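Survey of secondary and tertiary structure
Here is what each chain is made of, one letter per residue.
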Amino acid sequence: SNLSVKRGIMQLGPPAEEAVPAELEQLHSKGVFKPIRKEKREIKTIRSHLFLKVNRDGIVKGRMVADGSNQERSMSTSVSSPTVSSEAVFITAAVEAHEMRHVVTVDIEGAYLHAAMANDVFMDIEPEIAAILIKMHPKVYQRFLQMDGRLTVKLEKALYGCIESALLFYEHLSSTLKAMGFEPNPYDICVFNKMINGKQCTLTVHVDDLKISSQSREAIQEVINDLKKTYKNVSINEGKILDYLGMEFDYSVPGQVKISMKAMVEQVLQDYDDVTHRAAATTPATFNLFQV
C-alpha cells in the first residue's frame with residue numbers, strides 16, 4: 001500500500017529517506033515541471049502528493065502524483081486512454097502458448113514523463129516536499145518559494161494523476177511503435193504486430209505495462225533495443241512464469257498457458273486477515289440496538 005512521506009520514513013527508515021529525493025531528482029532532471037510566481041497570476045492550481053511504496057523486489061520507491069480530481073473536464077473531449085482488453089490478453093496468451101513463443105514483459109520507468117502536456121496545468125508542491133526540492137536545487141527553486149512554504153509549478157510533462165496523462169503516453173507510445181514498423185490491430189488498438197525476419201512479433205499495451213512475444217528471441221531483443229532508444233530505462237522480465245497486469249502467466253508446459261491470480265488473492269486474504277484480527281471498536285450502543 002502507499003504511505004505518506006512522514007509515515008513511510010517512520011516505518012521504513014533510511015530507504016524511504018533516500019527514495020524521496022530520488023523521485024524529485026528524476027522529475028527535475030526530466031524537466032517535468034518549472035516553477036512560476038503564483039502571486040502575479042490568477043491561476044487555478046491542483047494539489048500534489050508524494051507517496052512511498054515497497055515494490056515486490058523490496059525496493060522502496062517514491063512517486064509524486066497530481067490530484068487530477070480538481071482538473072476541468074470537457075463534456076465534448078474524452079481524455080480516457082485505451083487499454084488492452086481482457087479478451088485480447090487471453091487470446092494473445094493462447095497464441096503464445098500454441099506457437100511456443102518467447103514471451104517477455106516490459107516496464108518503462110517513468111513512462112508518463114516522456115509525454116508532453118497538451119494544456120496548461122499548474123500544481124502546488126506542499127512545504128515539506130518543496131523544502132527538499134529547494135535544498136537539492138536552490139538556484140532553480142529558492143526564489144519561487146511562497147510565503148506559505150509552497151512552490152507552484154507549471155507541468156511540462158504528463159505527471160501521474162493528471163486526467164489526460166495516460167492518454168498522452170498512449171499516443172506517445174503508439175507513435176513510437178508505428179515508427180518502429182508496428183501496426184495496431186483493427187479490433188484492439190492496444191495490440192500491435194510486426195513481421196521481423198519472417199516471424200510475427202506481438203506487443204500488448206496496458207498503459208506502461210507491455211508484453212512482447214515472438215517465436216524469434218532475436219526479434220524480441222530488436223524491439224527492446226528500439227524501445228530503449230526512446231525510453232532509456234526499460235526493465236525486462238523473462239521466463240516461463242511471468243507477472244502481467246496482476247495475473248501470473250505460466251508457460252512451463254509446452255503448448256499450454258495457465259493463468260492465475262494467486263498472488264493477488266493471497267494479498268487480499270492477508271489484508272482481510274489483518275482487518276478481522278484488529279481489536280473490536282468500542283461503542284456506546286446497548287446490546288439491543290437493532291432489536292425492534
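Each remark here, short or long, concerns the structure printed above.
What comes next concerns the included structure. Only a predicted model underlies this, so the values are computations on that prediction, with no experimental measurement involved. (Residues numbered from 1 in each chain as written. Predicted model: local features only at pLDDT ≥ 70, side-chain atom pairs only at ≥ 80, totals over all residues. Heavy atoms only, no water.)

Here we come to the overall build of the protein chain. Of the regular secondary structure elements, the protein chain holds eight helices and 16 strands. Summarising its shape, the C-alpha atoms of the protein chain cover approximately 65 × 60 × 45 Å along the three principal directions. Restricting to contacts in the protein chain with at least 6 residues of sequence separation, those with at least 24 account for 69%. Accessible surface, the protein chain: about 17,100 Å² in total, of which carbon and sulfur atoms supply 53%. (Helix = DSSP H or I, 4+ residues; strand = E, 2+ residues; numbered from the N terminus. Contact = heavy atoms within 4.5 Å. Areas by Shrake-Rupley, 256 points an atom, 1.4 Å probe, with all protein chains shown as cover.)

At a minimum axis distance of 6 Å, the contact between helix α1 (residues 5-12) and helix α2 (residues 14-29) shows a crossing angle of 145 degrees. Counting all contacts with α1, which are made through Val 5, Gly 8, Ile 9 and Leu 12, the residues of α2 involved are Pro 14, Pro 15, Ala 16, Glu 17 and Val 20. Of the residues assigned to the contact of α1 with α2, the class counts are seven nonpolar, one polar and one charged. (Axes fitted to C-alpha atoms, helices over the stretch in contact; angles between N-to-C directions. Nonpolar A, V, L, I, M, F, W, Y, C, P; charged D, E, K, R; others polar.)

It is worth spelling out the packing of aromatic side chains at this point. In total, this model carries five aromatic pairs according to the counting rule given. The rings of Tyr 112, Tyr 160, Phe 169 and Tyr 231 are connected pair by pair, giving a single aromatic cluster. Over the ring of Tyr 160 we find Arg 63, and its NZ or CZ is 3.8 Å from the ring centre. It is Lys 211 that lies over the ring of Phe 249; its NZ or CZ is 6.0 Å from the centre. (Phe/Tyr/Trp six-rings, centres within 6.5 Å; stacked < 30°, edge-to-face > 60°. Lys NZ or Arg CZ within 6 Å of the ring centre and 35° of its normal.)

Okay, a nonpolar patch on the surface next. Together, Met 261, Met 264, Val 265, Val 268 and Leu 269 line one region of the surface with nonpolar side chains, adding up to about 450 Å² of accessible area. On the secondary structure map, Met 261 appears in the loop between β16 (258-260) and α8 (262-276). The exposure class assigned to Met 261 is partly exposed, which follows from its relative accessible area of 37%. (Patch = residues over 30% accessible without salt bridge, like charges linked within 9 Å, V, L, I, M, F, W, Y side chains within 5 Å. Salt bridge = Lys/Arg side-chain N within 4 Å of Asp/Glu carboxyl O. Buried < 20%, exposed > 50% of the residue type's maximum accessible area, 1.4 Å probe, protein only.)

For the rest of this paragraph, the subject is unusual backbone geometry. Residue Lys 232 is not a glycine yet carries a positive backbone phi of 60 degrees. In this structure, Lys 232 sits in the loop between α7 (217-231) and β13 (234-238). Of note, the phi angle at Leu 245 is positive, near 60 degrees, even though the residue is not glycine. Looking at the element boundaries, Leu 245 is found in the loop between β14 (241-244) and β15 (247-250).

This part covers the sheet that holds strand β9 (residues 183-185). With respect to topology, six strands assemble into an open sheet ordered β9-β10-β11-β12-β6-β13, the strand pairing being antiparallel. The strands lining the two open edges of the sheet, one partner per strand, are β9 and β13. The mean angle between the axes of side-by-side strands here comes to 30 degrees, regardless of whether they run parallel or antiparallel. Across the sheet, helix α3 (residues 86-98) touches β6 (102-108), β10 (188-196), β11 (199-206) and β12 (209-214), and the angle it forms with β12 is around 30 degrees. Across the sheet, helix α6 (residues 165-179) is in contact with β6, β9, β10, β11 and β12; its angle to β10 comes to roughly 20 degrees. (Pairing = 2+ DSSP bridges.)

Time to look at the pattern of salt bridges. The tally for this structure, following the rule as stated, stands at ten salt bridges. With its nearest N and O atoms 3.9 Å apart, the salt bridge here joins Glu 156 to Lys 34. With Glu 156 in the loop between β8 (151-155) and α6 and Lys 34 in strand β2 (residues 33-36), the pair connects residues that are 122 residues apart, well separated along the chain. For the salt bridge of Arg 101 with Glu 99, the shortest nitrogen-to-oxygen distance reads 2.8 Å. For Glu 99, a relative accessible area of 30% corresponds to the partly exposed category. Among the charged side chains, a network of salt bridges with common partners joins Lys 34, Asp 120, Lys 154 and Glu 156.

Geometric values such as these leave the question of function open.
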